[in-house]
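Here is how the chains run, residue by residue.
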Amino acid sequence: MGEHRYWPSLDGVRGVAIAAVVAYHLGFLGGGWDGVDVFFVLSGFLITSLLLSEQATTGGVRLRSFWARRARRLLPALLLLLAALALYALAGGPGVVPSQLRSPAVATLLYFANWQQVAAGHDYFAHFQAANPLLHTWSLAVEEQYYLVWPLLFMGLIWLGRRRSIRALAVGTALLATGSALWMGVAAHVLGPDRAYLGTDTRVWELLLGGLGAMALRSAGPTRRPVLWSWATVVGACGVALGTTLGQGPPGWMWDGGLVAVALGVLVVVMGSVRHPQGPVARLLAVGPLRWLGRISYSLYLWHWPVIVLLDQTNTGVSGAPLLALRLSAMVGAACVSYFAVERPLRRADFHLWWRRALVPAGILGVIGAVLVATVPPVEASTGPVALAPATRAAAGPAPIALPPGRVVTAADPLRAWIVGDSVMADSAPGVGAALEATGDVDVVADSAFGGWGLSTDRTWATDLPRIIGQYHPEMVIGTWSWDDQPAQQDPRAYLLELVQALRTILAPGDGVDLVVLLQFPQIGPNPYWIDPAEQAAAWATANARQVVWNDVAAEAVHFFPGHALYLQTDRLFAPGDRYFAWNRTPAGAWVRARKIDNTHMCPYGAAQLGALVVDDLSPVLGLAAMTPGWELGSWVHDPNFDDPPGACPDDQPPPRYRGVAVPGPPS
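### Observations concerning the pattern of salt bridges
Right, on to step 1. Overall, the coordinates contain 16 salt bridges when judged by the stated rule.
Right, on to step 2. The residue Lys596 makes a salt bridge to Asp427 at a minimum N-O spacing of 3.0 Å. Linking Lys596 in the loop between strand S8 (591–593) and helix H25 (604–622) with Asp427 in helix H19 (residues 423–438), this pair joins segments that are 169 residues apart in sequence. This pair shows no difference in class: Lys596 is buried, exactly as Asp427 is.

### Concerning unusual backbone geometry
With glycine set apart, most residues show a phi of negative sign, and most peptide bonds adopt trans.
Right, on to step 1. Cis geometry marks the peptide bond from Asp644 to Pro645; its omega dihedral reads 0°.
Right, on to step 2. Position of Pro645 relative to the elements: it lies in the loop between H25 and strand S9 (661–662).
Right, on to step 3. Phi is positive for Tyr111, close to 60°, though the residue is something other than glycine.
Right, on to step 4. Here Tyr111 is to be found in the loop between helix H4 (98–109) and helix H5 (113–119).
Right, on to step 5. A positive phi angle, close to 60°, is found at Asn599, a residue other than glycine.
Right, on to step 6. Take Asn599: it is sitting in the loop between S8 and H25.
Right, on to step 7. A residue is classified by how much of its surface remains accessible, and Asn599, at 12% relative accessible area, is buried.

### Concerning the environment of Thr200
Right, on to step 1. Tracing the sequence through the fold places Thr200 in helix H9 (residues 200–219).
Right, on to step 2. Take Thr200: its relative accessible area is 13%, and that puts it in the buried class.
Right, on to step 3. When the C-alpha atoms of Thr200 and Trp231 are compared, they prove to be 33 Å apart, with 31 residues separating the residues in sequence.
Right, on to step 4. The residues touching Thr200, leaving out its near neighbours within four places in the chain, are Asn114, Trp115, Val142 and Gln145.

Calculation rules
Think of each chain on its own: its residues are numbered from 1, step by step along the sequence as written. Selection of residues for local features in this predicted model requires a pLDDT of at least 70, selection of side-chain atom pairs for listing and counting requires 80 or more, and totals for whole chains, interfaces and linings are taken over all residues. With hydrogens and water excluded, all non-hydrogen atoms of the structure serve as input to the side-chain values. Each reported salt bridge corresponds to a side-chain nitrogen of Lys or Arg within 4 Å of a carboxyl oxygen of Asp or Glu. Secondary structure follows DSSP: runs of H or I at least 4 residues long count as helices, runs of E at least 2 residues long count as strands, and numbering of each begins at the N terminus. Throughout this description, buried means an accessible area under 20% of the type-specific maximum (1.4 Å probe, protein chains only), exposed means over 50%, and partly exposed covers the range between. What makes two residues a contact is simply this: any of their non-hydrogen atoms within 4.5 Å.

Everything listed is a geometric property; what it means functionally is a separate question.
So, in structure tokens, the structure goes:
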């Protein structure tokens, strides 16, 4: 292979790769994430080709010049994106929680976003969880880390090989690539697919594989049988297409050699396009539209995911084909502005003048400052006077609860209460507890609610529940949870028996507990971290159906303990008219956020409303006094749960003409 030059077909490879990634993130190509692997192999090929050309021409590699070219190529467009997101967050744009943007933005700027996501335990493939507009920058971090380290390894392997430089370089690269690929397979099974997908150590083999291709072509002679390369590129392209078609998930076989096969197919296409530019695949890749898409592929990659995240159905008011057209137009438009106004001019600019070189650190510091200013945690959602919808159920009987003879609940001898449940109950507990204690007739003595609790997750509940009762001596237990909804759906009768046994354990004679109150689990909303509207609706319907079963079982279980167990409905509050509301109105008509941005957990106003509902339902049967005015504005609203994670309860407003969202099926 001669000195490094421009190959039009490789721009087409970039065009195909970015099209696959965009289609994947829009929900149209389940294996389109393979487009990132195409970028990795191609980048490794091109960077190593550059290094080989420079080493052959000058006898070495000028590291400062190499890294400066990489910075000029990559940094300007990235700085533009980060500055735009910072300004968007500062302006209070929907879809971004400023405090949750800070860590990803800093990690992106410093090119360690992949490790930041690993440390955060991010699950890349499960429902696109984490509405992070910088989620995709993990791949940029992997490439930049490669750009920093590979030239040093390249020079070291060249030096070790001395006269046989290419052979030693190829052998060393092959060993590194093999080790990384094997480690990826092990990590996928031992540490999980997300760690294998995001780690530099588990993905660098693709870049090294591309480098091996560059070395092979460097030492190869003239092409003697171009027809063989033509057939090889066709086979390679078919292999990549097949892997992309079958790679939805991704399936386990991808980590057991499938991804290596796809990457080898990419390498064959790249090498074949260079060795025989007149082959059918190379000519197809060199067509004008694909080459143009490839030229703007970096800017399009930067902008496509933020556009998808921020321009969703909630923020735009459109769906289906109009939303798709809006997203495609916005991402291509932003990419063109970035490429033609920033990326290309700065790549061609003369940076020999000192003041132009000074623009680089100034730009970086300016963007860092903008990010830090724009991502100050927002003001937390407030609460206010609580208004409850009229009751939709029949009034309770005169004395459905059988407290011990002579037990009269008064302020001098309040009823001792224990709150139990999962993270939704943990978020609700401050408001429920404040409402109960505002009557003066109830004292919340224990709150054991925590994330992930359920009978199916607490394998020792049979001993845990009596232990807590023996420690705090409650008379009333109030709870709700969702972590048993799947086993309840799988076998409702078996779960009913387990729940009845748990209630029997709590209400064991002589332990002092006289009443168990199970709450209908507060209606959940659509998970905002599902980007595709159809997938979001399907996931919501599935989760809602499971919760309905748990609620039905809970409502049935209390009938086994007449006079000692109640089931309180909450749908009139959290699903009025069979619609889910993230914001609720105060008696004065103002909107206040009631649920966290995940549409599941409680903000202060939602917790206050649930607390008022519990008191409203229990007052007739326990003879509770009226709540002290102003209780819903107490210090409990600053409980740390309401800001976990930071920015989960922003003081924001719903979209114009907000009417909630129709619940898919019966309210949960």
